[in-house]
Structure formats: structure tokens, C-alpha cells
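# Tertiary structure, described
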Protein chains: 12
Amino acid sequence: MEQKGKDFTDIPYFCVKALETGVNIIGVTRGDVTRINHTEKLDCNEVFLAQFTEHTAGVKVRGKAKIYTPYGIIYSGEEEHHG
Amino acid sequence: MEQKGKDFTDIPYFCVKALETGVNIIGVTRGDVTRINHTEKLDCNEVFLAQFTEHTAGVKVRGKAKIYTPYGIIYSGEEEHHG
Amino acid sequence: MEQKGKDFTDIPYFCVKALETGVNIIGVTRGDVTRINHTEKLDCNEVFLAQFTEHTAGVKVRGKAKIYTPYGIIYSGEEEHHG
Amino acid sequence: MEQKGKDFTDIPYFCVKALETGVNIIGVTRGDVTRINHTEKLDCNEVFLAQFTEHTAGVKVRGKAKIYTPYGIIYSGEEEHHG
Amino acid sequence: MEQKGKDFTDIPYFCVKALETGVNIIGVTRGDVTRINHTEKLDCNEVFLAQFTEHTAGVKVRGKAKIYTPYGIIYSGEEEHHG
Amino acid sequence: MEQKGKDFTDIPYFCVKALETGVNIIGVTRGDVTRINHTEKLDCNEVFLAQFTEHTAGVKVRGKAKIYTPYGIIYSGEEEHHG
Amino acid sequence: MEQKGKDFTDIPYFCVKALETGVNIIGVTRGDVTRINHTEKLDCNEVFLAQFTEHTAGVKVRGKAKIYTPYGIIYSGEEEHHG
Amino acid sequence: MEQKGKDFTDIPYFCVKALETGVNIIGVTRGDVTRINHTEKLDCNEVFLAQFTEHTAGVKVRGKAKIYTPYGIIYSGEEEHHG
Amino acid sequence: MEQKGKDFTDIPYFCVKALETGVNIIGVTRGDVTRINHTEKLDCNEVFLAQFTEHTAGVKVRGKAKIYTPYGIIYSGEEEHHG
Amino acid sequence: MEQKGKDFTDIPYFCVKALETGVNIIGVTRGDVTRINHTEKLDCNEVFLAQFTEHTAGVKVRGKAKIYTPYGIIYSGEEEHHG
Amino acid sequence: MEQKGKDFTDIPYFCVKALETGVNIIGVTRGDVTRINHTEKLDCNEVFLAQFTEHTAGVKVRGKAKIYTPYGIIYSGEEEHHG
Amino acid sequence: MEQKGKDFTDIPYFCVKALETGVNIIGVTRGDVTRINHTEKLDCNEVFLAQFTEHTAGVKVRGKAKIYTPYGIIYSGEEEHHG
């Protein structure tokens, strides 16, 4: 009865699960000048749910993590080895 | 005020079920400066339903939990061993 | 002819059925400071339908209950043993 | 006023059919302080259709009843014995 | 070529067909204080189409009737004996 | 005024076909006090298309007629004997 | 390649084809007082396309005609003898 | 003015193909008083695409023509002999 | 991978391909008084894409042409001989 | 200005691929008086993506080209020889 | 689990992949006077994602490139040789 | 401000995974004059999620990367060798 992971085009947030300790989720500002406005550090297996905001228009993920996006799951920090 | 009330019920929410005692759901602020604005602690098998708010744009889950999102279920605090 | 429990992503309320007496449904405030703003106690087999509001952005369920959400049914207060 | 009338017809509603005399449908206020604002008593086999309103954000059903919701039918006041 | 009775979630009115004379359709006010604001009496086989309004947020049906709602047909005043 | 005209064409309507002469379509007011605001009489086989309006929130059909609604066809004035 | 006659719930006008000369399409006003505001007479096989308007909230069809509505085709002025 | 332009392109239109010379497309006004505001004459095999407008709420087609509507094709000026 | 020609109900423009030289696309005004506001002449095999506008609410096509509309392709200037 | 930017990206566009050198894409004005406001010339195999604008409500394509529209591909400047 | 390339009618940007060095993406202004407002040059295998803007209503692609549009992929600078 | 926050989460975003160190994601301004407003450099296997903003209307990707768009995955910096 679970709502399966399909048609999530309109999801207003993304999720990141750290696959190692020390994953960095680095927010980049929306403004006229683009700069880092926040770095969230995750320990292994922590999960982070986040929205784009008035202040953040770009997010860089550094380190081994599983990123849940409308395009499917994207793995950072490693070669893709999932189907 | 009717219209206002309607807005609040339209905001998507996610659900967290704690799989051990001491799960932390840590809200991160939306504002110019990103800081922790609330930590909710869950005992084992408690369920938490939460919306992103005007004040919270990111949520970190620490500890063993089952997180219900539009992308499907994400397990925090442990290696994924579900299909 | 019943409308079956599918595609309920947009339902603006959730339902809780208590499976024991003494289930607590604890509302957490939306505001700048997050605090408990209401605790609803349910006896066994009572059903509660509730919306997120201008005042409530998070809800914790403590005790054995069946929670009807857009993600499906979540059981609080016990190990999941349903399909 | 046309537009206003349209809003009211768009608010979702749920239905309750009493399966015994003395079913209580207890409305809980939306406001800052949560309190009971109305109790509707149903005799056996009466049906009640109700909307969430500006004043009611939660509804408790006490006694044997069949509650029609977007999640399907929920039975209050008894163990579930339907498919 | 008839539009069959499916997917009527968004229908902004409900219908009641009286199955006996003396069916009461009792409107309950939306306001701060909940009180009866109108009682419509139906003779056997009369049909009533009604909307929720600025003044009516709840409707009780008393007596044998067939109620057409987005959840399907609900029979008041008798045990359900339809599929 | 263009926009206004568009609103009126978007309001749903229902259709009634009289199956005998003397069918009454009785409009009930939306206002604070509910009273009859119009009675339309149909001869046999006449068809009436009508919208709910700013003034009419309920409609009673008395006499043998076929009522076309989003729930399907409802027969007034007689026992249902159609599939 | 024609768009077939299905799913026409949202069509903002209806069509009438006269099946005899002297079909009357009688518009009834939307206002506080309901009165006839226009009568359109059709000769046999003429077709009339019309919208509900700021001034017309009800339409009566008298005489043999084929009425195209979101509920399908309704025949006025005669017993239904179509599938 | 951009927004205005967008509105006009969203208004639905219908198409008429004349099957004989001398087909009349007669626009009836939307206003308080209903009168003819335009008659378009088509020669055989000419095609006319038209919108309902602020000024036209009804359109009568007289003569042999093929009318393309959301309900399918309607033939004026002759008995229907198409599937 | 082409988007096939289906479900084009919402297309905000239509297309005309001239099948002979001298096709006329004649715009008729939206205003209070209906008059011709533009005539576009097409040579054989030229294609014209056009929107209804603030000024044009009706378009007549004279001459052999293929007209692409939400109702499918309509041929002007000749008997229909396509499927 | 954000909102404005969003509007512009929502306007539909069409694509033209020139199949010979010297294809002309001729924009016709939306205004009260219809005149040519721009001619874009394409060399063979160049592709042009264009929106209807506040200033352009009609576009004529002259020369051999492949025009991508919601109705499918339309070939200008030649007889259609595609399926 | 990838979201496949279907139903991209509403995508508010297009993508260009250069298949040779020196591809030009030439923006044409939206304004009253149509002129080139920007030329982006791409080296081989660079990818450009772009939106129509307040300033750009037309885009010409010159050189060998693969253009991703709601109508599918269009190849500029060469004969089409893909399915 | 709630409403504002909602707008920002609705803006679509794309994802880029660097397949080598030194991938450049170069934002081009939306304004009257088009110039580079930000260059984000990615190391191998880093993932970048980004929205178009009030300031950025075009994005060039230089170097080997996997770009997730509504059109599917586009590879920059190399010949396409995926299905």
C-alpha cells in the first residue's frame, strides 16, 4: 500500500543519505553574487531532507552519498554501480 | 483566515517512525543564517509527522528510523536492507 | 463502488485509529519556537481526523495506533507486522 | 460573494454512518488553544456529512461508526474486521 | 455514452434520494457556534441536490435515504445491504 | 467583464428530464435563512439544464424525472429500476 | 483523428440540434428573481451552441431536440429510444 | 498586456465547415437583452473558426454544415447520417 | 520520440497549410461590431501559425487549405476525402 | 521580476528546421493593425525556436522547412510526403 | 528508476549539445524591434541549458548540434539521420 | 513570506554529476546584457543540484559530466555512448 517512488517531478525537496561519515552538503546562494551560504555535515547513514530556499539555489554534494531527486537516485562520491 | 488555513494544509509533510529510542529529528532554519531551530526526540516506535515550515527548510534524521518521503521509504542509522 | 485507498497524495488531513487506550497525539507548534500546543488522548478504537494548521506543523503519535497518511498506513507503538 | 460560495463547496468533507445509537462526533478547534467546539450525537444508522471549517481542525469519533475518508473506510468503536 | 459514476472526488454537491416519506436533511452551521440552520423534509422518492455553503458545514440525514457522495452511495436509516 | 463571464461558464450544472407532466424543480436559497426561491415546472419530456447560483444552494426534484448528475442518473418520483 | 466525444466534463457550452421546427430554448435568469430572459426558436435541423452567462443560469428545452451535455446526449420532446 | 493576450488564446473555439453555399453563423449577444450581434455567411467548403466572446454567448448555425465541437461533430441542416 | 498529434485541446494557436496559391485567412474582430480586421494571403505550401488575439475572435479560411485544429485536421476549399 | 521571468518561460514555442537555404519566418503583429514585424532568414539545416510574443500573433513560413508544432510536424514549401 | 524522456511538454528550458566546435546559439529579442541580443558559442560536446526570458523570444542554432525540445530531439547543421 | 518560500521550492532544477575533476558549470545572466555570473567547479563524482534563478537563465556545462534533465540524461564532454 506504500506510495512507490514514481512520478516525483513535483517534490519540493530532495533527500540525501550519507554513505560515509563526513559528507558535505554545501548550499550556494541564489543572489546576485553566488557564494556558499551553508555547509551541512552528515555522519554515515544520517539522512538530510532539504528544500531550495529564498537563499539557496544550488547545492553541491561532496562525499559518498545517495541523493534522492526527481530524476531518480544519484550517487555522489563514487562511480555509479546501481541499476 | 479560511484561505490561510487552506495554505497550511497544502504544505507537504513527511513521516518518521523511530526504530530505536533516541532518534533525533533536527530542524535547520530557512533564514539567511542556517542554524538548528528545533530537535525532536523520538522513542522507539513513536511516529512523527512534520511539515517544512516558514522556519524550517532542512531536516536531519539521526538514529535508526524509517522515513516516509515521496521518493519512497529511506532508512536512516543503518545500511539499507530493504527492497 | 468505494473509492479505494490509492493516490491520496493531496489529502489535507490524516487519520489516527487508537489500537489501545491512552494513545497520545501531540501537536507541535509551527512558530519560531517549537513547543507542544495540544495533546489529544484517544481511547481504544476511537478515531481522530486532523489537519495541520496555522498553529501545528508537527504531530507525534505515542502508543499503539494506526495512522493513515498519504504514504500509506503507519503503525506506531509496535513493530510493523502488516504487508 | 459568488467566489466565496465557490470556496466553501471546494472544501473536502468526510461522512460518518453511526452503527449504534450514541455515536459522538467531537469537533476540536483550530485556534491557538485547542478545545472542543461542537459535539454531534448520532442515532443508529444516521449519516453525517461534515467539512473541516475555519473553527474545526480535528474531529474525534467515539462509538461504533463507519467513517468514509479519502483513505478508505475506517471503523471506530470496534476492531477492524473488514477487508 | 453516459458519464459513469467514477472519479467524483471534486463534485461540489451531494444528492439524497428519500426511500421513505419523512426523511430529514438537517443542516448544521459553519459558524463559531454550531446549531441547526435548516431542515429539509423529503417525501418518498424525492431527490435533493445540495451544496455546502457559507452557512452550512455539516449535514445530518435521518430516515431511509440513499446519499450520493464522493465516497460512493451511503444508505441512511437502515443496515447496508448493497454491494 | 470577460473574466466574470468565464466564471459563470465554469459553474457545474445538472440536467433534469421530466418523465411526466408536472415535475417541480424547487430551488432553495443559499442565504442565512433557507427558503424556496424558485419553482420551475416541467411538462413531460421537457429538459431543464441548471446551475447552482449565488442564490440557490439546494434543489429538490418532485415528480417522475431523470436527473443527470456527476454521480450518474438519479430517478425521482419512482423506485429505481435501472442498472 | 477526430477528438471523440468523451471526457467533456469541462466544456463551457452545450449544443442543441432541433429535430423538428419550433423547438424553444428558454433561458431563465440567474438573479434574485427567476424569470425568462430569452427564448431562442429553432427550425428543424438548426444547431444552437450556448453558454450559461451572467444573466442565464437555467435553460429549458421544449420540443424535439438532441441536447449535447457533459452527461451525454439528452433527447427532449420524446421518449428516449437511443442507447 | 501579455497576460491579457494569454487570456484570449485560452478561450475555447469551435469550427464550422460549410457543406453548401449560404450557411449562416448567427451570433447572439451575452448581454441583458439577447439579440443578434453578427451574422457570418459561408460559401460551400469555407471553414470558420470562432470563439465565444464578451459579446457573443450563443451561436446558431443555419444551413448544411459540419460543426466541430468538444462533443464531436454535429451536422446542421440535415438529418444525421454519420456514425 | 516525436510528440504525436494527440490531446491537443489546449493548443493556443492553429496552423494552416495552403494547398493552392491564393488561400485567404480572414480575421474577424472580437469587438462590439464584427468586421474584418486582417486578411493574410498564402501561396501554395506556405504555412501559417496564428493565435486568436485581443482583436481577432473569428477566422475564416477560403481556398484549398489544411487547417490544424484541436478537433483534428479540417480541409477547406474542397470535399473531405481524408480518413 | 521572478514571477515575470516565470511567465516568459511558460509561453509555448515552436521549432523550425530549414530544409533549404533562404527559408523565411515572417512574424505578423498582434496589434490593431496587422503588419510584418520581423523576418528571420534561415540557412539550410539551421534550427529556429520561437515563441509567440506580445508583438507577434501570427507566423508565416515560406520555403522548405520542417515545422514542429503540437499538431505534429508540418512541412512547408513542398507537398507532404510523410506519414 | 530514471524519469524517461516522455511528456516533456511543460519543460521551461531547452538543451543544446554541440556536436562540433563553433556551434552558435543566437538569441533574438522579444521586444518591439527584433534583434540579436546574445550569441553563445559552444565547443564540441559542451552542453547548454537555456530558458526563454524577458529579453529572448527566439533562438537560432547554427552548426552541428543536438537540440532537446518538447517536440523531441532536433538536429541542426546536418540532415536528420536519427529515428 | 510563506508564499515566497513556496515559490522557490517550485522552481525546477537540474542535476550534474562530474565524471572527471574540473567540470565547469557556468551560469549565464538573464539580464539585458548576457554575461557569465557564476562558475561552479566540480571534482570527479561530485554532484550539483541547481535551479535557474532570477539571475541565471542559461547554464553551460564544460567537461565530462552527466546532466540530469527532464529530457533524460545528457552527457557533456564526450560522445554519447548510452542508450
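Counting from 1, residues in each chain are numbered in the order their sequence is written. A letter from A marks each chain and a number from 1 marks each ligand, given out in the order of writing. Reporting of local features is limited, given that this is a predicted model, to residues whose pLDDT is at least 70; pairs of side-chain atoms are given and counted only at 80 or more, and all residues count toward the totals for whole chains, interfaces and linings. Computation of side-chain values: all heavy atoms of the structure, hydrogens and water removed.

### What about the sheet that holds strand 1 (residues 14-18) of chain I?
For clarity, the threshold we go by: For two strands to count as paired, DSSP must find a minimum of two bridges between them. Here a strand is any run of E in DSSP of at least two residues, a helix any run of H or I of at least four, and the numbering for each starts at the N terminus. Angles run from 0 to 180 degrees between N-to-C directions of axes, and those axes are lines fitted to C-alpha atoms, restricted for helices to the stretch in contact.
Pairing in this open sheet of seven strands is antiparallel, and the strands run 7(I)-6(I)-1(I)-4(I)-5(J)-2(J)-3(J) from one edge to the other. Single-partner strands in this sheet number two, and they are strand 7 (72-76) of chain I together with strand 3 (36-42) of chain J. Mean inter-strand twist for the sheet, computed between neighbouring axes without regard to direction, equals 20 degrees. Two strands pair when backbone bridges link them, and strand 1 of chain I and strand 4 (residues 47-50) of chain I are joined in this way by four bridges, in the antiparallel orientation. Along strand 4 of chain I, the bridge assignment pairs Cys15(I) with Leu49(I).

### So, the interface of chain E and chain D
When the parts of a complex come together, some accessible area is lost, and that lost area is often taken as the interface size. As a reminder, the rule being used: Contacts: residue pairs with any heavy atoms within 4.5 Å of one another. The buried area of a pairing is the accessible area, by a 1.4 Å probe, that goes missing from both parts when the two are put together, added over both. Whenever Lys or Arg places a side-chain nitrogen within 4 Å of a carboxyl oxygen from Asp or Glu, that contact is recorded as a salt bridge. Under this definition, polar contacts are N or O atom pairs within 3.5 Å; protein pairs additionally need one hydrogen-donor-capable and one acceptor-capable atom, and for neighbouring residues in sequence, both atoms have to be side-chain atoms. Here the term charged refers only to Asp, Glu, Lys and Arg, the term nonpolar to Ala, Val, Leu, Ile, Met, Phe, Trp, Tyr, Cys and Pro, and the term polar to all other amino acids, Gly among them.
Listed per partner, the contact involves 30 residues of chain E and 28 residues of chain D. Summing the contributions of chain E and of chain D, the shared interface buries around 2500 Å²; its carbon and sulfur component is 55%. Considering only the side of chain E, the residues that lose the most area to chain D are Arg30(E), Phe52(E) and Tyr71(E), jointly responsible for 28% of the buried surface there. Seen at the junction of chain E and chain D, the total is three salt bridges. Along the contact surface separating chain E from chain D lie 10 residue pairs in polar contact (both at pLDDT 80 or more). Secondary structure elements with two or more residues in the side of chain E that touches chain D: strand 5 (56-62), strand 6 (65-69) and strand 7 (72-76) of chain E. Considered class by class, the residues forming the side of chain E that touches chain D number 13 nonpolar, nine polar and eight charged. Sheet topology places strand 4 (residues 47-51) of chain D next to strand 5 of chain E; four bridges connect them, and they run antiparallel. Note that in strand 5 of chain E the partner of Phe48(D) across the bridge is Lys60(E).

### Topic: the sheet that holds strand 7 (residues 72-76) of chain H
If you trace the seven strands from one edge of the open sheet to the other, you get 7(H)-6(H)-1(H)-4(H)-5(I)-2(I)-3(I), paired in antiparallel fashion. Either end of the sheet is taken by a strand with one partner, and the two such strands are strand 7 of chain H together with strand 3 (36-42) of chain I. Between one strand axis and the next, the sheet turns by 20 degrees as a mean value, whatever way the strands run.

### A look at the packing of aromatic side chains
For the record, the criterion: Ring geometry is summarised as follows: Phe, Tyr and Trp rings, the Trp one being its six-membered ring, pair when their centres sit within 6.5 Å, and such pairs are stacked at plane angles under 30 degrees, edge-to-face over 60 and tilted between the two. Exposed residues in this analysis have more than 50% of their type's maximum accessible area, buried residues have under 20%, and partly exposed residues fall in between, with area computed by a 1.4 Å probe over protein chains only.
Throughout the structure, instances matching the rule amount to 34 aromatic pairs over all chains. With 6.2 Å between their ring centres and 40 degrees between their planes, Tyr68(C) and Tyr71(D) make a pair best called tilted. Of this pair, Tyr68(C) sits in strand 6 (residues 65-69) while Tyr71(D) sits in the loop between strand 6 (65-69) and strand 7 (72-76), placing the two residues on different chains. Judged by relative accessible area, which is 4%, Tyr68(C) ranks as buried. Here a set of aromatic residues connected by ring pairs shows up, and it is made of Tyr13(A), Phe14(B) and Phe52(B).

### Things to note about the pairing of strand 2 (residues 23-29) of chain A
All names here are of chain A. Among the seven residues in strand 2, seven count as buried, and that is most of the element. Of the two faces of strand 2, both are covered, the one formed by Val 23, Ile 25, Gly 27 and Thr 29 as well as the one formed by Asn 24, Ile 26 and Val 28. Judged from the six bridges that link them, strand 2 and strand 3 (residues 36-42) form a sheet pairing that is antiparallel. In the strand pairing of strand 3, Val 28 is matched with Ile 36.

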